[in-house]
Amino acid sequence: MGAENKTDEEKQNGDGTLFDLNDYTIIKEGDAEILMHAKNEVFYNKTQVNNRDMSIAVLRTFISQRKQEHEAMLARRRTKAGNKVPDAKAEIPDDSVQHNGESKDGSEVLEDTSHNESCSKPEEETKNLWGKGREELKPPRVLEALSASGLRALRYAREVEGISQVVALDNDKASVEACRRNIKFNGSVACSKVESHLADARVYMLTHPKEFDVVDLDPYGAPSVFLDSAVQSVADGGMLMCTATDMAVLCGGNGEVCHSKYGSYPLRGKYCHEMALRILLASIESHANRYKRYIVPVLSVQMDFYVRVFVRIYTSASDMKSTPLKLSYVYQCTGCDSFHLQPVGRTVSKNNSVRYLPGFGPAISQECSDCGKKFNMGGPIWSAPIHDQEWVAAILADVKSMKDRYPAYERISAVLTTVSEELPDIPLFLSLHNLCATLKCTSPSAVIFRSAVINAGYRISGTHVNPLGLKTDAPMDVIWDIMRCWIKNHPVKAQPSDQAGSVILAKEPVLQANFSRAVASLSKAQAKKVARFLPNPERHWGPKLRAGRQITSKHVSLLGPKALNGINNHENGDGSNHEDDEEPAAKRKKTEESDS
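Please read all numbers here as calculations on a predicted model, not as lab measurements.

Thresholds applied
Residues numbered from 1 in each chain as written. Predicted model: local features only at pLDDT ≥ 70, side-chain atom pairs only at ≥ 80, totals over all residues. Heavy atoms only, no water. Pairing = 2+ DSSP bridges. Helix = DSSP H or I, 4+ residues; strand = E, 2+ residues; numbered from the N terminus. Core = buried A, V, L, I, M, F, W, Y, C linked by side-chain atoms within 4.5 Å. Buried < 20%, exposed > 50% of the residue type's maximum accessible area, 1.4 Å probe, protein only. pLDDT = per-residue confidence, 0-100. Contact = heavy atoms within 4.5 Å. Phe/Tyr/Trp six-rings, centres within 6.5 Å; stacked < 30°, edge-to-face > 60°. Lys NZ or Arg CZ within 6 Å of the ring centre and 35° of its normal. Axes fitted to C-alpha atoms, helices over the stretch in contact; angles between N-to-C directions. Salt bridge = Lys/Arg side-chain N within 4 Å of Asp/Glu carboxyl O. Arc of directions from axis to C-beta.

*Asks:* Is there a simple way to explain the sheet that holds strand β19 (residues 469-472) in this structure?
*Replies:* A sheet is described by the order of its strands in space; here three strands give the open sequence β17-β19-β18, paired in antiparallel fashion. Two strands close off the open sheet at either side, each with one partner strand: β17 (430-431) and β18 (460-461). Relative to β19, β17 runs antiparallel, the two being bridged by two bridges. Bridge pairing in β19 links S431 to G469.

Right under this line is the structure:
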């Protein structure tokens with residue numbers, strides 16, 4: 001790979017200028033290789049291999065599903081046409097045609113050529129309309145809005161079959177130069193499919209409406225400033241992939257900042273990471289609605305230090321009206337773990353018509369019926385399903401069938417396995433340990449608690465967000481009754497009467513819990529002992545420094561002492577570490593000991 005007729009130390013940039021390979025480190029991930037300079041000029045994050053692998057898996061499934069949907073649409077059109085001569089104008093309403101030649105379902109619009117042919121040749125007309133070339137689906141185009149080194153774009157081009165073009169954008173000149181250098185370094189396939197542009201992603205997406213089948217947003221921080229233009233750039237039936245790494249904001253550390261960026265107020269419950277996913281989905285839906293569009297989530301995951309959502313975007317003014325039915329406010333008790341959801345909207349059906357009305361409220365009283373404390377209110381959040389289980393099954397099957405193609409196979413297969421077992425229609429979750437902390441009691445095992453819920457006639461599952469989280473459709477009074485019955489057999493010490501746990505335990509249980517082990521208390525993955533929650537593969541596994549930041553000894557918690565020393569040694573050239581020389585000897589010794 002790389003430029004030909006050059007020495008190993010000398011290669012060409014994308015613009016024809018030469019560069020010295022000795023100044024760069026070659027990083028290989030999947031089928032792609034990139035050149036990284038030691039000065040941290042262009043952002044590269046090793047930990048995002050999980051993100052990139054998951055995106056490739058979803059993209060492969062999207063291409064397959066898109067093809068199936070297109071074939072199904074053509075079959076419907078042929079059935080509708082029957083033996084008659086198809087009338088293209090009748091088959092394709094004017095309002096469904098987009099400027100880029102795609103219909104509302106994301107397929108290529110069939111052109112009307114019948115007016116150019118004689119009416120006495122119906123067979124030839126039919127051949128022209130339905131013949132070879134007319135039914136073919138255009139290969140998808142992908143936009144990576146924030147490309148940095150271009151590694152993600154290169155992996156898409158080299159590893160995902162069926163992609164026609166990947167457009168990589170960045171508004172940093174050094175990043176674009178690095179991306180073009182890496183494109184050339186990856187050979188002819190990359191050069192033919194990937195193109196890099198120096199541009200503001202927001203402006204580029206606004207000036208290319210509905211032109212890309214896939215738009216990938218993976219910013220360093222919040223994606224909120226890109227969402228409005230991104231939802232306009234996705235073709236009908238296309239996919240938006242979006243990452244948010246500002247978890248402190250989304251999880252309630254700065255609620256007012258979250259509201260200003262995403263239009264929702266977060267709550268600091270144990271479910272905060274799932275709430276972050278649902279806040280991001282609600283925000284994307286809000287931006288899409290402004291253009292008579294709506295989203296359909298196919299996969300939403302929280303991994304490592306970020307959340308990542310994959311949604312399809314469609315255009316329909318009538319379907320857009322259902323958005324308030326998919327949003328809810330959350331009431332979280334300040335004293336115990338009880339929470340309640342209040343839908344933003346509701347519908348009333350009369351005869352054949354449907355009316356959209358505001359949701360009924362209030363969903364709860366001023367004080368918690370379980371412990372008597374006040375409620376905090378958060379949201380609105382996306383309360384509809386955040387995964388499409390058919391998609392999840394297809395993605396997981398694809399990942400398992402091509403495990404050698406995914407560097408992070410173990411991690412993404414574990415996440416997808418756990419996602420596949422979640423109850424899809426239950427927003428948020430409970431923490432068993434939190435319930436026991438409220439009551440100051442010893443915790444039952446997850447199997448015993450699950451069995452009690454199942455024996456009471458309700459559903460329960462785990463969640464990929466938290467190993468101790470439990471999703472269930474059992475109301476909170478049933479949950480507390482189960483815990484009251486548990487404590488009758490496992491007594492607790494007396495607590496002050498004004499505490500939430502004391503108030504809850506002062507009531508007698510209405511439901512008599514049955515703790516005998518239920519068959520469904522273990523998921524299939526648990527029964528087969530399939531790994532579902534894996535530890536980080538190494539120390540200092542987390543977000544890295546933004547490009548352009550000077551790497552110093554204070555960043556040891558992000559990069560690790562060895563990586564830091566390696567960078568400084570490379571810069572000094574003499575093997576010494578001047579940055580560490582400025583550091584106190586005691587601190588340096590402590591760092592070395594912690595790394596050993």
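*Asks:* Please clarify how the nonpolar core should be interpreted in this entry.
*Replies:* Burial of nonpolar side chains together is a common tendency in soluble globular proteins. Counting 81 residues, the largest nonpolar core has M205, L217, L240, L250, I284 and F449 as its most contacted members. The greatest single-element share of this core, amounting to 10 residues, is contributed by helix α11 (residues 272-289). By size, the runner-up hydrophobic cluster in this structure holds 47 residues, among which are I34, V194, V298 and W391.

*Asks:* So what exactly am I meant to see when it comes to the confidence of the model for the chain here?
*Replies:* Where the model shows low pLDDT, its predicted coordinates should not be examined in detail. For the chain, the mean per-residue pLDDT works out to 82, and 76% of the residues sit at or above 70. Across residues 569-596, where pLDDT falls below 50, the model places 29 contacts with residues more than four positions away in sequence or in other chains.

*Asks:* I keep staring at the packing of aromatic side chains and nothing clicks. Help me out?
*Replies:* Remark: the centre distance and the inter-plane angle together describe each pair of aromatic rings, the angle taken between the planes. Considering all chains together, one arrives at five aromatic pairs under this definition. Ring geometry for F305 and Y306: centres 5.1 Å apart, planes at 75°, overall edge-to-face. Considered together, F305 and Y306 belong to a single accessibility category, that of buried residues. Each ring, one from W486 and one from F515, has its centre 5.9 Å from the other, and the planes form 65°; the classification is edge-to-face. Note that W486 is positioned in helix α16 (residues 476-489) and F515 in the loop between α17 (500-505) and α18 (524-527), a separation of 29 residues in sequence. Positioned over the ring face of F360 is R346, at 3.6 Å from the centre of the ring.

*Asks:* Sorry if this is basic, but what is going on with the sheet that holds strand β16 (residues 375-382) here?
*Replies:* Two orientations exist for strands paired in a sheet by backbone hydrogen bonds: parallel and antiparallel. Ordered by their spatial adjacency, three strands build an open sheet running β13-β12-β16, and the pairing between neighbours is antiparallel. The sheet terminates laterally at β13 (339-343) and β16, the two strands that pair on one side only. Taken over all neighbouring pairs, the strand axes of this sheet differ in orientation by 25° on average, direction set aside. Strand direction decides the pairing type here: strand β12 (residues 327-333) and β16, joined by six bridges, are antiparallel. Of the residues in β16, the one forming a bridge with V330 is G378. Each of β12 and β16 touches α11; the most contacted strand, β16, lies at about 55° to it.

*Asks:* Is there a simple way to think about the pattern of salt bridges in this case?
*Replies:* Two side chains that carry opposite charge are able to pair once their charged atoms sit near each other. Per the stated rule, a full pass over the model turns up 23 salt bridges. With its nearest N and O atoms 3.4 Å apart, the salt bridge here joins R66 to D213. Here the residue R66 occupies a position in helix α1 (residues 49-81), and D213 occupies one in strand β8 (residues 212-217), the gap between them amounting to 147 residues. Exposure class is identical for R66 and D213. Each is buried. R411 is the partner of D304 in a salt bridge, and the nearest nitrogen-oxygen pair spans 3.0 Å. With D304 in the loop between β10 (293-303) and β11 (306-315) and R411 in helix α13 (residues 409-420), this pair connects stretches of sequence that are 107 residues apart. Judged by relative accessible area, D304 falls into the partly exposed class, the value being 22%. Since its relative accessible area comes to 18%, R411 is described here as buried.

*Asks:* What's the story with helix α10 (residues 255-262) in this structure? I'm lost.
*Replies:* Residues that lie three or four places apart on an α-helix share one face, since the helix turns once every 3.6 residues. By the burial criterion, the buried members of α10 are G255, C258 and Y262. Projected down its long axis, α10 carries its buried residues within an arc of 55°, all on one side. Pointing more than 90 degrees away from the buried face of α10 are the exposed residues E256 and S260. Where α10 is buried, its residues contact α8 (224-233), β9 (234-244), α9 (247-250) and α11.

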